[in-house]
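Read off the chains here:
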Amino acid sequence: MRTPICESLGVDLPIFGFSHCRDVVAAISRAGGFGVLGAALFSPEQLELELAWIDEHVAGRPYGLDVVIPATYANASVAAENQTANYLAAIPQKHWEFVQETLQHLEVPELPDEVARPVLEPGWNPELGRMHFEVGLGHPIRMIVNALGTPPAEVVERAHAKGMLVGGLAGKPAHAVKQVEGGVDVIIAQGTEAGGHTGEIATMVLTPQVVRAVGPDIPVLAAGGIASGEQLAAAIALGAQGGWLGSVWLTTHESDVDPAVKQRYLAASSDATVRTKENSGKPCRGLRTPWRDAWLATESPGTLPMPLQGLLTLEAKDRIKRARRVDLMHMSVGQVVGQMNHDRSVADVMFDLTSGFVAAADRLAGIVHSEE
Ligand SMILES: Cc1cc2nc3c(=O)[nH]c(=O)nc-3n(C[C@H](O)[C@H](O)[C@H](O)COP(=O)(O)O)c2cc1C
């Protein structure tokens, strides 16, 4: 099952696993795949601790880091100390009112007086992404991946100087080409079925187009809609050198996802997700909730661009979390959620992916053989 990128990275299996949970990342790499830690939710100090932990628990196997340096971000040039105030001033009053009315309508209690309000900081901030990158440079990371656009040239150069490969997620063939022109070595072609921020084109349609657009020298990984060995085999058949999986790990034993949210994932079918912008301002796939529906209703003032939408909804998300309103929480996941029906270990998922892949490959070989 080794493809050329497995040789470049020193892994046994073409299975790339994205997770925000260090235990999941280390378990994927220990099982012969390539675990990638998502940095987005950590402060730089916390990320340092997470990576040090992975270094100790990965048994010398290769792993990667995913940072978020968005290529488009409202007013990115404004000086850092003025940014939050400027962003807050740019949010229309009708949007603040809509948030309060919706929370009231959904019967989400106010934060108690004694509870500290969340610090209003813009999320998915390019500066934070760069700080995550700096932390990553101090660890034996084999591939650094950027989400939401072409990474800055200086980031690519410094990663290459450290001997790291640079990867980038792309939802359109033209975006993949732009990233390769910007020095990216590996493209993750992410289809609309994927959990998290995602584009409009399905993996089955996107992957071969990206493979063709970037040419034979650039390895492509297919992401979105892969949670079984058959789907992994389909990705390879489409020209990808591996599968990049995010959702399937959310319900594993090792995952630190809130147990109540895990239960929602385990019970959900593949038509339970929607792709909406109310969380960050960019389209993001996750479980449908009444909070998401409210932003799509005719009374909604519409969503704002990143990072305004994230700032606008920060306290609301805190209220929802504190009230334990699992029915309203933001639960990013892809359409494969309908295949995530029982709680397994990461090693079991890896075993099932591998054996399912072999069975699918045998089936295809048998068809070819029988026609000879
Ligand atoms: C809960 C969740 C959070 C995600 N966060 C990020 C992220 O911070 N950075 C990133 O590059 N991709 C992120 N993704 C997307 C994954 O990297 C991956 O492309 C996607 O999950 C693949 O599709 P799948 O969900 O069908 O497996 C996230 C996905 C999920 C499910």
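Residues numbered from 1 in each chain as written. Predicted model: local features only at pLDDT ≥ 70, side-chain atom pairs only at ≥ 80, totals over all residues. Heavy atoms only, no water.

## Quick notes on the sheet that holds strand β7 (residues 196–197)
Strand pairing in a sheet relies on backbone hydrogen bonds. The paired strands run either parallel or antiparallel.
Next up, step 1: Taken in spatial order, the 3 strands of this open sheet run β7-β11-β10, and their pairing is antiparallel. Only two strands of the sheet have a single neighbouring strand rather than two, namely β7 and β10 (273–276).
Next up, step 2: Here β7 runs beside strand β11 (residues 284–287); their pairing, made up of 2 bridges, is antiparallel. Paired with glycine 196 across the strands is arginine 285, a residue of β11. (Pairing = 2+ DSSP bridges. Helix = DSSP H or I, 4+ residues; strand = E, 2+ residues; numbered from the N terminus.)

## Considering the environment of alanine 222
Next up, step 1: Here alanine 222 shows up in strand β8 (residues 220–223).
Next up, step 2: Sequence separation of alanine 222 and glutamine 209 is 13 residues, and the distance between their C-alpha atoms is 11 Å.
Next up, step 3: Apart from the residues lying within four places of it in its own chain, the contact partners of alanine 222 are Ala189, Thr203, Thr207, Ala235, Ala240, Gly242, Gly243 and Trp244. (Contact = heavy atoms within 4.5 Å.)

## Quick notes on the nonpolar core
Next up, step 1: Counting 51 residues, the largest nonpolar core has Ile15, Trp249, Tyr265 and Trp291 as its most contacted members.
Next up, step 2: Mapped by element, the contributors of at least two residues to this core are α2 (22–30), α5 (93–105), α10 (229–237), α11 (259–267), α12 (290–296), α13 (308–322) and α14 (346–370).
Next up, step 3: Looking at this core element by element, the count peaks at 6 residues for α14.
Next up, step 4: Sequence-distant contacts of tyrosine 265, defined by excluding residues within four places in its chain, comprise Leu250, Thr251, Val257, Leu287, Met331, Ser332, Val333, Val337 and Met340. (Core = buried A, V, L, I, M, F, W, Y, C linked by side-chain atoms within 4.5 Å. Buried < 20%, exposed > 50% of the residue type's maximum accessible area, 1.4 Å probe, protein only.)

## Here's the deal with the site of the ligand
Next up, step 1: Close to the ligand lie 18 residues, the nearest being Asp66, Gln190, Gly225, Gly246 and Ser247.
Next up, step 2: Between the ligand and the protein, one listed contact pairs an oxygen atom with a side-chain N or O atom of histidine 20 at 3.4 Å.
Next up, step 3: Residue glutamine 190 places a side-chain N or O atom 2.8 Å away from an oxygen atom belonging to the ligand.
Next up, step 4: Relative to its unbound accessible surface of 600 Å², the ligand loses 91% to contact with the protein.
Next up, step 5: Taken together, the residues that form the shell around the ligand break down as 9 nonpolar, 8 polar and 1 charged. (Near = heavy atom within 4 Å. Polar contact = N/O pair within 3.5 Å; in protein donor to acceptor, adjacent residues only side chain to side chain. Areas by Shrake-Rupley, 256 points an atom, 1.4 Å probe, with all protein chains shown as cover. Nonpolar A, V, L, I, M, F, W, Y, C, P; charged D, E, K, R; others polar.)

## Description of the sheet that holds strand β9 (residues 242–245)
Next up, step 1: Reading around the circumference, β1-β2-β3-β4-β5-β6-β8-β9 is the order of the 8 strands in this closed barrel, with parallel pairing throughout. If you compare each strand with its neighbour and ignore which way they point, the axes differ by 25 degrees on average.
Next up, step 2: In this structure, strand β1 (residues 15–19) lies alongside strand β2 (residues 34–38), joined through 4 bridges in parallel fashion. Among the inter-strand pairings, phenylalanine 18 is bridged to a residue of β2, identified as valine 36. (Axes fitted to C-alpha atoms, helices over the stretch in contact; angles between N-to-C directions.)

## Focus: the packing of helix α3 (residues 44–57) against helix α6 (residues 126–136)
Next up, step 1: Viewed as axis vectors pointing N to C, α3 and α6 meet at an angle of 35 degrees, and their least axial separation amounts to 9 Å. Viewed along their axes, α3 and α6 form a crossing whose handedness is right-handed. Contacts between α3 and α6 involve Pro44, Leu47, Glu48 and Leu51 from the former and Leu128, Met131, His132, Val135 and Gly136 from the latter.
Next up, step 2: Counted by class, the contact of α3 with α6 contains 6 nonpolar, 2 polar and 1 charged residues. (Left-handed = near helix turned anticlockwise from the far one by under 90°.)

## Overview of helix α7 (residues 153–161)
Next up, step 1: Three or more residues of α7 are buried, namely Val155, Val156 and Ala159. An end-on view of α7 places all buried positions within 100 degrees of arc, on one side of the element. More than 90 degrees from the buried face of α7, the exposed residues found are Glu157 and Ala161.
Next up, step 2: Where the residues of α7 are buried, they touch α6, β4 (143–147) and β5 (165–170).
Next up, step 3: Positive phi appears at glycine 163, one or two residues downstream of α7, with a value of about 80 degrees. (Arc of directions from axis to C-beta.)

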